[in-house]
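# Commentary on secondary and tertiary structure
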Amino acid sequence: MKKHNIKAPVILALLTLILFAGLEYTQLKWEDKDPAKSTRAQYSENLENNLGGAYTESTAAGTMTEEERAEMEAAAQARIDASKSEIATRAVNTRAAADALAEEKEEAEAAAQAAEEDAMQEGDRDAEDSEDFEDAEETDTEDAEDPADEDKPTEDETAVATDEDAANEEAAKAAAEEEARAQEEAEKAAAEAAKAQEEAEKAAAEAAKAQEEAEKAAAQAEKQASVSEYATEVTNIVNQYRVEAGLAPLNLSPSLCEAAEVRAAELLSSFSHTRPNGQECFSALDGLGIPYGYAGENIAAGQKSPSEVMNSWINSPGHKKNIMNPNFTNIGIACYYDASAPYSYYWVQVFTD
């Protein structure tokens, strides 16, 4: 009977499994090291999966009289106006805070500069005091020296000289003590100046950081205030397409704009027609008590203007189907801006009959 050697295939299979396991581990480690790239890839995948707009027909559409609908829209418009006013006020206040921080930064930098100059001046004064003392010591030494060609002093002259030497010694001792004290005070003053300079520089750095954060917050608030005005522009472009196609223009609904604002903010965490809580997008209408028989939603991300986002939507068959749907009579628009988010601009259109 012929014997078969199975060792080689088994070893080859084991090596193959080890190789694939190693590659998988390497891939996982790479993804862990670059979560931002993974997040952006997920957004790109979601963008591809949402080229078409969402559409639904309600089997239990709520009923609402014209008066009730008018009251709902008026209340929604009042909330939108209040929100716009709050955003505008916040933008102004944040800008004022940024300007105030800029002034604090300048003052802190000026204080740091002054502290540095004081430290330099203390150092110069200390050097001058040392030079003056050295000059005085040399003068005392010269006065105390006797010329080699003088006659030998008498006893009285010797006594006087002894007294003078003692006086000079006392004076020198006092001068040395004075110099030491002056030196100590100068060093203390220099240390205090250096500390003041360090604190001033730290304050300047903190003020600069605070100003930078305030500038970003102000820019965010100002941009959000401007994008809140995009609804009318988008609606006008939508109605141009509809009128050209022989369809009735849509009414810009404040209540639908509220629903669109809710959805636009949610797109940052879940760019999908499914909400972050797992519910379908139309549950935002239900949550605000908005009745509908037909409803649709278009979403987009990254476009920086109404014309740009409409160009994207109208050239996408799924989105265009919602825009040109003859069942719809109302539309709501929202744009949410966040400079720190992957696409910054997040757009939503909501349609109902």
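Before reading further, recall that the structure is shown in the block above.
Residues numbered from 1 in each chain as written. Predicted model: local features only at pLDDT ≥ 70, side-chain atom pairs only at ≥ 80, totals over all residues. Heavy atoms only, no water.

Another point: the overall build of the protein chain. Across its full length, the protein chain holds nine helices and five strands. Burial statistics for the protein chain: of 353 residues in total, 30% are counted as buried. (Helix = DSSP H or I, 4+ residues; strand = E, 2+ residues; numbered from the N terminus. Buried < 20%, exposed > 50% of the residue type's maximum accessible area, 1.4 Å probe, protein only.)

Attention now moves to unusual backbone geometry. A positive phi angle, close to 65°, is found at serine 344, a residue other than glycine. For serine 344, a relative accessible area of 17% gives the class buried.

Here we take up helix α8 (residues 306–314). Considered for burial, the residues of α8 that qualify are Pro306, Val309, Met310, Trp313 and Ile314. With its buried residues spanning 130° around the axis, α8 presents them on a single face. (Arc of directions from axis to C-beta.)

This paragraph deals with the packing of helix α5 (residues 230–244) against α8. α8 packs onto α5 with a crossing angle of 40° between their chain directions and a minimal axis gap of 9 Å. It follows from the interaxial angle that α5 and α8 lie oblique. For the pair α5 and α8, the sense of crossing is right-handed. Contacts between α5 and α8 involve Tyr230, Glu233, Val234, Ile237, Val238 and Tyr241 from the first element and Pro306, Ser307, Val309, Met310, Trp313 and Ile314 from the second. Looking at the contact of α5 with α8, its residues break down into 10 nonpolar, one polar and one charged. (Axes fitted to C-alpha atoms, helices over the stretch in contact; angles between N-to-C directions. Parallel < 35°, antiparallel > 145°, perpendicular 65-115°, else oblique. Left-handed = near helix turned anticlockwise from the far one by under 90°. Contact = heavy atoms within 4.5 Å. Nonpolar A, V, L, I, M, F, W, Y, C, P; charged D, E, K, R; others polar.)

Time to look at the pattern of salt bridges. The tally for this structure, following the rule as stated, stands at five salt bridges. When the shortest N-O distance is used, the salt bridge between arginine 79 and glutamate 258 registers 2.7 Å. In this pair, arginine 79 is assigned in helix α3 (residues 66–144) and glutamate 258 in helix α6 (residues 254–266), connecting sequence segments 179 residues apart. Residue classification places arginine 79 among the partly exposed residues on the basis of a relative accessible area of 44%. On the accessibility criterion, glutamate 258 (14% relative accessible area) is buried. Where glutamate 297 meets arginine 263, a salt bridge forms, and the shortest distance between an N and an O atom there is 2.7 Å. Placement of the pair is glutamate 297 in strand β3 (residues 294–301) and arginine 263 in helix α6, with a sequence separation of 34 residues. Neither residue differs from the other here; glutamate 297 and arginine 263 are each classed as buried. The network of salt bridges with common partners includes Arg263, Glu266, Arg275 and Glu297. (Salt bridge = Lys/Arg side-chain N within 4 Å of Asp/Glu carboxyl O.)

Within the largest apolar cluster, 24 residues are counted, with the highest numbers of intra-cluster contacts made by Val234, Val238, Met310, Trp313, Ile323 and Trp347. Counting residues per element, the ones that place at least two in this core are α5, α8, β4 (330–337) and β5 (345–352). For this core, the element with the highest residue contribution is α5, accounting for five residues. Beyond its immediate sequence surroundings of up to four residues, valine 234 is in contact with Pro306, Val309, Met310, Trp313, Ile333, Trp347 and Gln349. Leu256, Ala264, Phe271 and Ala301 belong to the second largest nonpolar core, which has 22 residues in total. (Core = buried A, V, L, I, M, F, W, Y, C linked by side-chain atoms within 4.5 Å.)

Another aspect to go through is the pairing of β4. Among the eight residues of β4, seven are classified as buried, and the element is accordingly described as predominantly covered. Sheet topology places strand β2 (residues 251–252) next to β4; two bridges connect them, and they run parallel. Looking at β4, one finds that asparagine 251 is bridged to asparagine 330. Sheet analysis places β4 next to β5, joined by eight bridges and oriented antiparallel. Looking across to β5, one finds that cysteine 335 is bridged to tryptophan 347. (Pairing = 2+ DSSP bridges.)

Quick look at the pairing of β5 now. Counted residue by residue, β5 has eight buried out of eight residues, so it is predominantly covered. Bridge count between β3 and β5: seven bridges; the pairing is antiparallel. Note on β5: the bridge partner recorded for isoleucine 299 is valine 348.

Per the counting criterion, the structure on display carries four aromatic pairs. For the ring pair tyrosine 230 and tryptophan 347, a centre distance of 5.5 Å and an interplane angle of 10° mean the geometry is stacked. Here the residue tyrosine 230 occupies a position in helix α5, and tryptophan 347 occupies one in strand β5, the gap between them amounting to 117 residues. Each member of the pair, tyrosine 230 together with tryptophan 347, is buried. Their ring planes at 15° and their centres at 5.3 Å tell us that phenylalanine 328 and phenylalanine 351 sit as a pair that is stacked. Pair noted here: phenylalanine 328 is in the loop between α9 (317–323) and β4 and phenylalanine 351 is in strand β5, with a separation of 23 residues, a long-range link. As far as burial versus exposure is concerned, phenylalanine 328 and phenylalanine 351 are alike and both buried. (Phe/Tyr/Trp six-rings, centres within 6.5 Å; stacked < 30°, edge-to-face > 60°.)

Where strands meet in a sheet, backbone hydrogen bonds hold them as pairs that are either parallel or antiparallel. With mixed pairing, five strands are arranged side by side in an open sheet as β1-β3-β5-β4-β2. Looking at which strands have only one partner, the edges of the open sheet turn out to be β1 (54–57) and β2. Here α5 sits on the sheet and contacts β2, β4 and β5; the angle it forms with β4, its principal contact strand, is near 135°.

Moving on to the environment of glutamate 116. Summarising the element assignment, glutamate 116 is placed in helix α3. According to the relative accessible area criterion, glutamate 116 is partly exposed, its value standing at 32%. For the pair glutamate 116 and alanine 200, spaced 84 residues apart in sequence, the C-alpha to C-alpha distance is 9.6 Å.

Take it as geometry only, folks, not as evidence of what the structure does.
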